[in-house]
Amino acid sequence: MTLVAIILATLAAGIGSVWVAALLMSLGGGRTPGLMPQRLLSLAAGALLATAFMHLLPEAFESHGKSHDLFVVLLIGLVFFFLLSKAELWHHGHEHSHGDAHQPAPMHHAHGHGHDHQHGHARHDHGEHTHGHSHGKGGWAILTGDSVHCFGDGVLIASAFVADIRLGLIAALSVLAHEVPHHMGDIVVLRQSSSNRRVALIKVSMAGAVTTLGGVAGYFLIGQLRELLPYFLVIASSSFIYVALADLIPQLQKRLSAKETAAQVFWLLLGIVVVTVMSGAAHNHGHEHDHEHDHDHGAEVGHSHEPASATAHDAAHKHEH
């Protein structure tokens, strides 16, 4: 049952996120809708942080693992994912999702600051480099990094499912939320390297499918190393925290109007609330189920004692006669 749940959840998080991204882009006329990536990034950041700090880490620390060792693993995990991002294997860069990479960046703003001007050129240069790189190699470098990341996401989702099915569902939802804007950017870049839009969608879907491979591999790996489950949960937390704080939130730190800033905060808090509400509902449902199970078990025990007592009484009565 757990393995089936892992397969379904990783398919939804991996391939489902690609299709959701493609649907949102189709609603935006083939491009990423203007405000949608920003809202999704805010929502995803809130969901990842809530999942890590309110669910994965508490589950790990409630186990028999030593707190000091778990904190050490958390620190090592953050450094490890930083190194992976430096190798472009865990990078969730969405720079290309905020516009077409081939469009020139503005040369200057009348009232702009030097700092913004330099960052505009940096983003422009990065966009040209990404576009040229993906055009020259058909986007396979991007897909390789995506596949590695998706495999890791699958292992992390599996570790959450092994700990608790409800926790696994929350982790899968968080992965889905932060993969949607990521895949929107990937589709934009890959479409620039291919005249066939369907081919770009298929390529990104193939990378997303690797999430399920990671989930299955993680299920059997953790099954053999179940005593290390708390450490797997901490590693999953470090991944979520790193992606949220080092990748998603920095993309939201732009000079915006008060209304746009309020919208960012709203979607960030919405991500936290959604994860919290889902967790609370699942926890209450699980608690009621356990209570009913205990009640039924007690009733069965009481019922089994009655005939046993009656049989003993009848036997004693016959013995007297």
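Small disclaimer: the values here were computed from a predicted structure and weren't measured.

### Some remarks on the confidence of the model for the protein
Next, step 1: Chain-level pLDDT for the protein is 75 on average; 67% of the residues reach the 70-or-more range.
Next, step 2: Least confident of the elements in the protein is helix α4 (residues 114-137), whose mean pLDDT is 41; most confident is helix α8 (residues 229-248), at 92.
Next, step 3: Across residues 94-138 the pLDDT falls below 50, and counting only partners more than four positions away or on other chains, this stretch makes 52 contacts in the model.
Next, step 4: Note that pLDDT drops below 50 for residues 289-313; the model gives that stretch zero contacts with residues more than four away or on any other chain.

### Details of the UniProt feature "transmembrane region" (unreviewed entry) in the protein
Next, step 1: Here the UniProt feature "transmembrane region" (unreviewed entry) sits at residues 6-28, 40-58, 70-87, 200-222, 228-249 and 261-282.
Next, step 2: Between the C-alpha atoms that bound residues 40-58 the distance is 26 Å, and the span itself is 100% helix and 0% strand.
Next, step 3: Split by type, residues 228-249 is 91% helix and 0% strand. Its first and last C-alpha atoms lie 31 Å apart.

### With respect to the packing of helix α1 (residues 2-27) against helix α7 (residues 197-224)
Next, step 1: Remark: α1 packs on α7, axes separated minimally by 9 Å, with the N-to-C direction vectors making an angle of 160°. One finds that α1 runs roughly antiparallel with respect to α7. The handedness of the crossing between α1 and α7 comes out as right-handed. Taken together, the residues of α7 that come into contact with α1 (itself represented by T2, L3, I6, I7, T10, L11, G14, I15, V18, W19 and A22) are L201, V204, S205, G208, A209, T211, T212, G215, V216, Y219 and F220.
Next, step 2: Of the residues contributing to the contact of α1 with α7, the split by class is 14 nonpolar, eight polar and no charged.

### Structural notes on α8
Next, step 1: Helix length check: α8, at 20 residues, gives a terminal C-alpha distance of 27 Å against a target of 28 Å (1.5 Å per residue), a fit within 8%.
Next, step 2: With 16 of 20 residues buried, α8 is to be regarded as a mostly interior element.

### Concerning a nonpolar patch on the surface
Next, step 1: A cluster of nonpolar side chains, namely L75, V79, F82 and L83, defines an oily patch on the protein surface of about 380 Å² accessible area.
Next, step 2: Note on placement: L75 falls in helix α3 (residues 67-86).

### Regarding the pattern of salt bridges
Next, step 1: Under the counting rule described, the total for this entry stands at one salt bridge.
Next, step 2: D164 is the salt-bridge partner of R166, the closest N and O atoms lying 3.2 Å from each other.
Next, step 3: D164 sits in the partly exposed class, given a relative accessible area of 21%.

### Regarding the side chain of Q264
Next, step 1: With respect to the helices and strands, the residue Q264 is situated in helix α9 (residues 258-320).
Next, step 2: Discounting chain neighbours no more than four positions away, the residues touching Q264 are Q38, S42, L252 and L256.

### What to know about the environment of L256
Next, step 1: Its place among the elements puts L256 in the loop between α8 and α9.
Next, step 2: In this view, L256 contacts T261 and Q264; residues no more than four positions away in its chain are not counted.

### A word on the nonpolar core
Next, step 1: Counting 40 residues, the largest nonpolar core has L56, V234, F240 and L248 as its most contacted members.
Next, step 2: Broken down by secondary-structure element, the contributors of at least two residues to this core are α1, α2 (36-61), α3, α5 (140-163), α6 (165-192) and α8.
Next, step 3: A per-element tally of this core places α8 first, with ten residues.
Next, step 4: Residues in contact with L56, not counting those within four places in the same chain, are T51, A160, L167, L233, A236, S237 and F240.
Next, step 5: Judged by nonpolar contacts, the second largest core, of 15 residues, contains V18, A22, V180 and V204.

Basis of the calculations
Chains are numbered independently. Their residues run from 1 in the order of the written sequence. This being a predicted model, a pLDDT of at least 70 is required before a residue's local features are given, and a value of 80 or more before pairs of side-chain atoms are given or counted; all residues contribute to the totals for chains, interfaces and linings. Values reported for side chains reflect all heavy atoms of the structure, with hydrogen atoms and water molecules removed beforehand. On a range of 0 to 100, pLDDT expresses the predictor's confidence in each residue. Helix and strand definitions here come from DSSP, where helices need a minimum of 4 consecutive H or I residues and strands a minimum of 2 consecutive E residues; each element is numbered from the N-terminal end. Whether two residues are in contact is decided by their heavy atoms: any pair within 4.5 Å suffices. UniProt positions are given in the numbering used here, feature names are shortened, and annotations may be inferred rather than shown by experiment. Each axis is a line fitted through C-alpha atoms, and for a helix only the stretch in contact is used; angles between axes span 0 to 180 degrees, taken between their N-to-C directions. When describing relative orientation, an angle under 35 degrees is termed roughly parallel and one over 145 degrees roughly antiparallel, while 65 to 115 degrees is termed roughly perpendicular and anything else oblique. If you view the pair so one helix is near and one far, a crossing is left-handed when the near helix is turned anticlockwise from the far one by less than a right angle, and right-handed when it is turned clockwise. For this classification, Asp, Glu, Lys and Arg are treated as charged, while Ala, Val, Leu, Ile, Met, Phe, Trp, Tyr, Cys and Pro are nonpolar and the rest, including Gly, are polar. To estimate how far a helix should extend, the number of its residues minus one is multiplied by 1.5 Å. Partly exposed residues are those whose accessible area sits between 20% and 50% of the maximum for their type, while under 20% is buried and over 50% is exposed, using a 1.4 Å probe and protein chains only. For patches, a residue must show more than 30% relative accessible area and have no salt bridge; joins then use 9 Å for like charges and 5 Å for nonpolar side chains, namely Val, Leu, Ile, Met, Phe, Trp and Tyr. Accessible surface area values rest on a Shrake-Rupley calculation with a 1.4 Å probe, where residue burial reflects the displayed protein chains alone. Should a side-chain nitrogen of Lys or Arg be within 4 Å of a carboxyl oxygen of Asp or Glu, the pair is scored as a salt bridge. Side-chain atoms within 4.5 Å link the members of a nonpolar core, which is a set of buried Ala, Val, Leu, Ile, Met, Phe, Trp, Tyr and Cys residues.

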